[in-house]
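# Residue-level structural notes
Each chain is listed here by its residues.
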Amino acid sequence: MSRIDAIMAQMTLPEKLGQLTMTASGYAVTGPVIAGDSTQAIIDGTIGNLLNMVGAGPVHEMQRLAVEQSRLGIPLLIGLDIIHGHRTLFPIPLAEAGTFDDALWERTAREAAREGAAEGLAMTFAPMLDVSRDPRWGRTAEGPGEDPWLNTRIARAKVRGFQGGDLSAPDALAACAKHFVAYGPVNAGREYAAVDISERTLREVHLPGFVAALEAGVATLMPAFTDLNGVPMTAHVPLLRDWLRAKMGFDGVIVSDYNAIAELIKHGVAADLVDAAVLALKAGVDIDMMADAYRKGLPVALEQGRVTIEEIDASVRRVLRLKEQLGLFDDPYRRGSTPEPEAAIDERRALAREVARKAIVMLKNERDVLPLPAAAARLAVVGPLADASTEMKGPWWGAGEHEPATSVLAGLRAALPRADIRHAPGVAIDGADDNGIQAAVALCDGADAVLLCLGERATMSGEAASRATPALPGRQQALAEAVIARARALGIPVIAILFSGRPLVVPWLAEHADALLAAWFLGREAGHAIADVLTGQASPSGRTPMSWPRAVGQVPIYFGARPTGRPMNPADYYTSKYQDVDNTPLYAFGHGLSYGRFRYEGLEVEPRRVREQDTLRISVRLRNEGVREAEETVFLFVRDKLARVTRPLLELKGYAKLQLKPGTAGSVELQLSCAELRYLGPDLQPVFEPGEVEILVGPSAEPAGLLRLTIELC
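Below you will find a few notes about this structure. If you're wondering where the values come from, they're calculated on a predicted model, not measured in any experiment.

With that settled, the discussion passes to the overall build of the protein. Of regular secondary structure, the protein possesses 20 helices and 27 strands. Once the C-alpha set of the protein is aligned to its principal axes, its extents read approximately 80 × 65 × 45 Å. With 714 residues in all, the protein has 60% of them scored as buried. Within the protein, contacts between residues separated by at least 24 positions form 77% of all contacts whose residues are at least 6 apart in sequence. Carbon and sulfur atoms make up 49% of the accessible area of the protein, which amounts to about 26400 Å² in all. If the 75 positive side-chain charges of the protein are averaged to one point and the 89 negative ones to another, these points end up 3 Å apart.

Dropping the structure here:
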């Protein structure tokens, strides 16, 4: 008899339901505390999983209650939202997506796992794989951006990074792919709102990231709070039980989102907690997070014959198997038993700075005002985000809430100790008081350059942080107009640095600032990384993982849109266009400048006639015609020119990087399996269809910058 069989043979119903219950926990002066319960529930075996516990000492104290004082000694599964680092905060996921660097994505997840596991944790509620094409949605900050193919790359890298090669290793965490599925296209970008999309969009855009996570061996999965076409995901039998479990063969743990099972009542599909528990269990949800629906509802449902003990046992077995895979039965204290060496912590901070540098996107650099010239001895650092170290952490700071972070002002002063750096906030981030604008404008006098630090508060992004107008909040626009007007009169450049968890709608600023950086929320090393880029110690190399709209009315806007029968034509009134704004984004997907200047030429594609089993070899030559060494990200797109269903205007299929010194040239080579040229036909089944496909290569999804050749599928 296996260990799990032996344990289950002894378990009472309350103990089984305890293994299906996850409860928030914390630590007070008196010791560990449980939300809405007591630690006696752990000893009684009626709580088997915890979230939000931080620190090896408290975690081990909780484990001792379960392992040494409960009847069966089943260890606890303890998890935390480690979204972009544990204590050492890296850039938010959206910013990190813009590095287009698989190895970097995996490294940050690996380091976050090591740091979290060193504090006794065994699970993270990440990665978030929700494609977002609507910057109004606050959780855009936590995800991959707009592209489903990019999402698959991130999914694989993050699962590998969090889980490592051996889930039982003391530095491994069980990853949790969330939020299954299509949480991103909530109605009007409003958090928790309904989702109504086509089956094609579901399969082409929102499922691929989760397929990739499953293929990478993700241990757990979390359904979205939302409904999909009228069926709440927490109770979605066709997708959870039939597709995920039966078709895809996922036998890992499905954990509900926070209180999501109870919220089936407010969705209007469950009359009470018993109904809700039945619906979730029947759909395949194993762990009830914070609703207490399983402990309270399933005994009643079992007595009524609405669920069977076999269904409960199946979920219990999956939870126990995960604990066994994590090595918790063999040594429940293996995580957090050895403090990390100081050298590992220093290396992690260096990595945080490196990733932050690479995540910065230079959107504009008129007249090459960046990097700052060495002669720039006096800088005016203006704006409410200039000296805002806490905001640099971004949303979902986890255990890093009280850890230090470097502001722009501190980073610049450390990088330029001899410069005269003066600062005035001008306005608050989101206040109505503009009395400080005059003092901020006065700093322009005598300055060699103005750094204008604008954007969102960290809590304006993330969960429950949707914004109907994702523009500069408060009186920041007025500050920008006043500062730029004065700087222009004085003939000095203005470099605007934007902080946000989403693309912002800033057409005026983009037009009038001399340079514009998207600094997102870069984590603990934000100020140092920004200083590295501003001073030329590093060339910016980040790219936009989402299209930046010119106006909110363009949303959703994304490069993978399908063509229309009446494409935009300025000369024809009856074509697809706005009367008051251009169709194109302010900045296209993949846009980002560097301190180099790259020319593309000599696109080659071989072979030109291909079958499904073939591999395409694509090469393009680049020359750095700038005066500084820089790295270029090269994107590979395809377009199916004629198909039985309308295909996107562009589909991302690859990317590569090339570092070149000024005046030098080099080649980028990519390979593409021709099986990736399949698409979902009218019956939503993959088809490799004879015909012409365009291969496009360039620096972004902006069509004018793409080289193209046509191949034939046969």
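On to the pairing of strand β21 (residues 630-640). With 9 of 11 residues buried, β21 is to be regarded as a mostly interior element. Bridge count between β21 and strand β26 (residues 691-698): 6 bridges; the pairing is antiparallel. Within the sheet, the bridge partner assigned to V638 lies in β26 and is I695.

Along the chain, S168 falls in the loop between α7 (148-163) and β6 (176-180). Taking the relative accessible area as the measure of exposure, S168 reaches 19% and is therefore buried. When near neighbours in sequence (up to four residues on either side) are disregarded, S168 contacts Q325, L326, G327, R334 and R335. Within the structure, S168 has its side chain in polar contact with the side chain of D166 (distance 2.7 Å).

At their nearest, the axes of helix α15 (residues 342-359) and helix α20 (residues 526-534) sit 8 Å apart, and the two run at 50° to each other. If you check the angle between α15 and α20, you find them oblique. Of the two elements, α15 crosses α20, and the hand of that crossing is right-handed. Two secondary-structure elements touch here, α15 through R353, A356 and R357 and α20 through H528, A529, D532 and V533. Of the residues contributing to the contact of α15 with α20, the split by class is 3 nonpolar, 1 polar and 3 charged.

Strand order in the open sheet made by the 5 strands is β19-β27-β26-β21-β22, with mixed pairing throughout. Both edges of this open sheet fall to β19 (609-610) and β22 (651-660), since each of them pairs with a single strand only. Pairing analysis gives 2 bridges linking β19 to strand β27 (residues 707-713), with the strands arranged parallel. Looking at the pairing, V610 lines up with L713 of β27.

A few words on the side chain of Q163. Looking at the element boundaries, Q163 is found in helix α7. You can call Q163 buried: its relative accessible area is 6%. There is a polar contact of 3.0 Å between the side chain of Q163 and the backbone oxygen of G217.

Let's shift gears to the sheet that holds strand β14 (residues 420-424). As a general point, the strands of a sheet are linked pairwise by backbone hydrogen bonds and lie either parallel or antiparallel. Read across the sheet, 6 strands follow the order β12-β17-β16-β15-β13-β14 without closing on themselves; strand pairing throughout is mixed. Since the sheet does not close on itself, it has two edges, and those belong to β12 (361-365) and β14, each with one partner. The average undirected angle you get between the axes of adjacent strands in this sheet is 15°. Pairing of strand β13 (residues 378-382) with strand β15 (residues 449-455), which is carried by 4 bridges, proceeds in the parallel orientation. Bridge assignment links V381 to a residue of β15, and that residue is L451. The strands touched by helix α18 (residues 476-490) are β13, β15 and β16 (494-499); relative to β15, the strand with the most contacts, the crossing angle is about 170°.

Further remarks concern the pattern of salt bridges. One pass over the structure, following the stated rule, counts 61 salt bridges. The salt bridge partner of K296 is D292, with a shortest N-O separation of 3.9 Å. What emerges from the salt-bridge pattern is a single network uniting R110, E111, R114, E115, D171, E340 and R348.

With that settled, consider the side chain of S541. Considering the arrangement of structural elements, one finds S541 in the loop between α20 and β18 (598-606). Once residues within four sequence positions are removed from consideration, S541 is found in contact with K358, I360, E631 and T633.

Let us look at the environment of S541. Its relative accessible area of 8% is what places S541 among the buried residues. In sequence terms S541 and G189 are 352 residues apart; their C-alpha atoms lie 29 Å from each other.

Turning next to unusual backbone geometry. Cis geometry marks the peptide bond from A126 to P127, where omega comes out at 10°. In this fold, P127 is placed in the loop between β5 (123-124) and α7. With an omega of -5°, the peptide bond between F180 and V181 qualifies as cis. Topologically, V181 is positioned in the loop between β6 and α8 (199-206).

Side chains on a regular strand alternate between the two faces of the sheet. Two elements, β26 and β27, share 7 bridges in a ladder whose sense is antiparallel. By the bridge assignment for β27, E692 is matched with E712.

Residues three or four positions apart in an α-helix share a direction because the helix packs 3.6 residues into each turn. Between its first and last C-alpha atoms helix α13 (residues 293-304) spans 16 Å; for 12 residues at 1.5 Å apiece the expected length is 16 Å, and the two agree. Along α13, the positions that sit buried rather than exposed are A293, Y294, G297, L298 and A301. Taken around the axis of α13, the buried residues stretch over an arc of 100°, which confines them to a single face. Residues of α13 that are exposed and point over 90 degrees away from its buried face: K296 and E303. Buried-residue contacts for α13 involve α2 (13-19), α12 (273-283), β11 (288-289) and α14 (309-325).

Conventions we followed
- Residues numbered from 1 in each chain as written.
- Predicted model: local features only at pLDDT ≥ 70, side-chain atom pairs only at ≥ 80, totals over all residues.
- Heavy atoms only, no water.
- Helix = DSSP H or I, 4+ residues; strand = E, 2+ residues; numbered from the N terminus.
- Buried < 20%, exposed > 50% of the residue type's maximum accessible area, 1.4 Å probe, protein only.
- Contact = heavy atoms within 4.5 Å.
- Areas by Shrake-Rupley, 256 points an atom, 1.4 Å probe, with all protein chains shown as cover.
- Lys, Arg positive; Asp, Glu negative; His and termini not counted.
- Charge placed at Lys NZ, Arg CZ, Asp CG, Glu CD.
- Pairing = 2+ DSSP bridges.
- Polar contact = N/O pair within 3.5 Å; in protein donor to acceptor, adjacent residues only side chain to side chain.
- Axes fitted to C-alpha atoms, helices over the stretch in contact; angles between N-to-C directions.
- Parallel < 35°, antiparallel > 145°, perpendicular 65-115°, else oblique.
- Left-handed = near helix turned anticlockwise from the far one by under 90°.
- Nonpolar A, V, L, I, M, F, W, Y, C, P; charged D, E, K, R; others polar.
- Salt bridge = Lys/Arg side-chain N within 4 Å of Asp/Glu carboxyl O.
- Expected span 1.5 Å × (residues − 1).
- Arc of directions from axis to C-beta.

Any link to function would need more than the numbers given here.
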